[in-house]
Amino acid sequence: MVHERFEPPSGRWENPEGIGGLDLLYLRVRFDVSFFMLMLRRSVDSEWAPRVTRSLHDLLVDHAHLERKAATTAIQLEKYRELFPKVHTLNRIAMEELQHFELVLGLLEQRSWAFGQPQRSEWITGMMRGVRQGRRESAIDHLVVCALIEGRSCEKFQILAAYLAKNEPELSLFYQSLVESEGNHYATYLIMARDIDLEETDSRLDWFLDRDSELMGHRHDLCILH
Ligand SMILES: [Fe+2]
Ligand SMILES: [Fe+2]
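> I'd like to hear about the overall build of the chain, residue by residue, with values.
What the chain contains, in helices and strands, is seven helices and zero strands. When the elements of the chain are put in sequence order from the N terminus, they spell out α-α-α-α-α-α-α. Counting only residues that meet the buried cut, the chain has 35% of its 226 residues in that class. Taking the intrachain contacts of the chain between residues at least 6 apart in sequence as the baseline, contacts between residues at least 24 apart amount to 80%.

> Could you give an account of the environment of Phe174, naming the residues involved and the relevant values?
Mapped onto the secondary structure, Phe174 falls in helix H6 (residues 169–196). Judged by the 21 C-beta atoms lying within 10 Å of it, Phe174 is buried. Separated by 71 residues in the primary sequence, Phe174 and Leu103 have C-alpha atoms spaced 8.9 Å apart.

> So what's going on with the confidence of the model for the chain? Which residues, and what values?
Caution applies to low-pLDDT parts of the model: their predicted coordinates are not meant to be read in detail. For the chain, per-residue confidence averages 87 on the pLDDT scale, and 84% of positions sit at 70 or higher. Segment residues 1–31: pLDDT under 50, and 43 contacts once partners within four positions in sequence are set aside and those in other chains are kept.

> Give a description of the packing of helix H5 (residues 135–164) against H6 that names residues and reports values.
At a minimum axis distance of 7 Å, the contact between H5 and H6 shows a crossing angle of 160 degrees. Between H5 and H6, the interaxial angle falls into the category roughly antiparallel. Where H5 crosses over H6, the two elements pack in a sense that is left-handed. Grouping the amino acids of the contact of H5 with H6 by side-chain chemistry returns 21 nonpolar, seven polar and three charged.

> Describe H5, and please don't skip the residues or the numbers.
Its 30 residues give H5 an end-to-end C-alpha distance of 42 Å, which sits within 8% of 44 Å, the value for a rise of 1.5 Å per residue. Within H5, 23 of the 30 residues are buried, leaving the element largely enclosed by the surrounding structure.

> A description of unusual backbone geometry should follow, citing residues and the corresponding values.
One non-glycine residue with positive phi stands out, namely Ser112, at about 55 degrees. One can find Ser112 in the loop between helix H3 (87–110) and helix H4 (122–129).

> Give a detailed account of helix H7 (residues 198–216), specifying residues and quantitative values.
Helix length check: H7, at 19 residues, gives a terminal C-alpha distance of 26 Å against a target of 27 Å (1.5 Å per residue), a fit within 8%. Taken together, the buried positions of H7 are Thr201, Arg204, Leu205, Asp212 and Leu215. Axial view of H7: buried residues confined to an arc of 115 degrees, hence all on one face. Facing away from the buried surface of H7 by more than 90 degrees, the exposed residues are Glu199 and Glu214. Contacts from the buried residues of H7 go to H4, H5 and H6.

> So what's going on with the nonpolar core? Which residues, and what values?
Counting 43 residues, the largest nonpolar core has Leu143, Val144, Ala147, Tyr175 and Tyr189 as its most contacted members. Contributing elements (two or more residues each) for this core: helix H2 (56–76), H3, H4, H5, H6 and H7. The element that contributes the greatest number of residues to this core is H5, accounting for 14 residues. Beyond its immediate chain neighbours, meaning those up to four positions away, Val144 contacts Ala193, Thr201, Arg204, Leu205 and Phe208.

> Can you explain the environment of Leu198? Please cite residues and give values.
The topology assignment puts Leu198 in helix H7. Leu198 sits 58 residues away from Ile140 along the chain, and the two C-alpha atoms are 9.8 Å apart.

> Break down the packing of H5 against H7 for me, citing the residues and quoting the values.
Running from N to C, H5 and H7 cross one another at 50 degrees; their axes reach a closest spacing of 10 Å. As far as their axial angle goes, H7 and H5 are oblique. As H5 packs across H7, the resulting crossing turns out to be right-handed. Touching Ile140, Asp141, Val144, Val145 and Leu148 of H5 are Glu200, Thr201, Arg204, Leu205, Phe208 and Asp212, all from H7. Considering only residue class, the contact of H5 with H7 consists of six nonpolar, one polar and four charged.

Analysis parameters
Residues numbered from 1 in each chain as written. Chains lettered and ligands numbered in written order. Predicted model: local features only at pLDDT ≥ 70, side-chain atom pairs only at ≥ 80, totals over all residues. Helix = DSSP H or I, 4+ residues; strand = E, 2+ residues; numbered from the N terminus. Buried ≥ 20, exposed ≤ 12 C-beta atoms within 10 Å, placed from the backbone. Contact = placed C-beta atoms within 7 Å. pLDDT = per-residue confidence, 0-100. Axes fitted to C-alpha atoms, helices over the stretch in contact; angles between N-to-C directions. Parallel < 35°, antiparallel > 145°, perpendicular 65-115°, else oblique. Left-handed = near helix turned anticlockwise from the far one by under 90°. Nonpolar A, V, L, I, M, F, W, Y, C, P; charged D, E, K, R; others polar. Expected span 1.5 Å × (residues − 1). Arc of directions from axis to C-beta. Core = buried A, V, L, I, M, F, W, Y, C linked by C-beta atoms within 7 Å.

The structure is reproduced here in structure tokens:
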């Protein structure tokens, strides 16, 4: 069953009527996901794709770590009391991220490229620094940051799919194949935060969207996703 869950940026993410079971929040969404739908305020610069694909090996290693961290983050979110009822949804996200991790490792192995060290992302670090202290505040902020990381991944996977289509068709298809899943994670995390507090989530989302926009202006020369 396909649910149309994306709304225009002025809209709000809310639970569909009649859905009380939180696991049912994990909905299949039909994509293409546009920049507009993701509510982002600054687009990825046009030089980004050529820059990060200079070393596909480095990019895939970074991507593998990103999926690994996404899996562990989903499990870490289960520590928040507010998210105890969502434990199965979070487990499901963690399992999907682990599957993505395996897929990226498979691509590395196909090319006889070694798995390697993670690289630090100034963007992710900068976003995480904005998470407030206090359990409830931290839960909301952590979910909003997770949503925006998923949203940026969703956006960047689409850019990579288009950029790599001619010379790396297999990788291009692979990136396109992840878009729906990451878009669902984006939506699910935002819905979870709004379930805790709608007004506060929207206010924090506004704050983090500005922070994302500012951090996106800091260029780096690493072959990493974020
Ligand atoms: Fe993923
Ligand atoms: Fe994800």
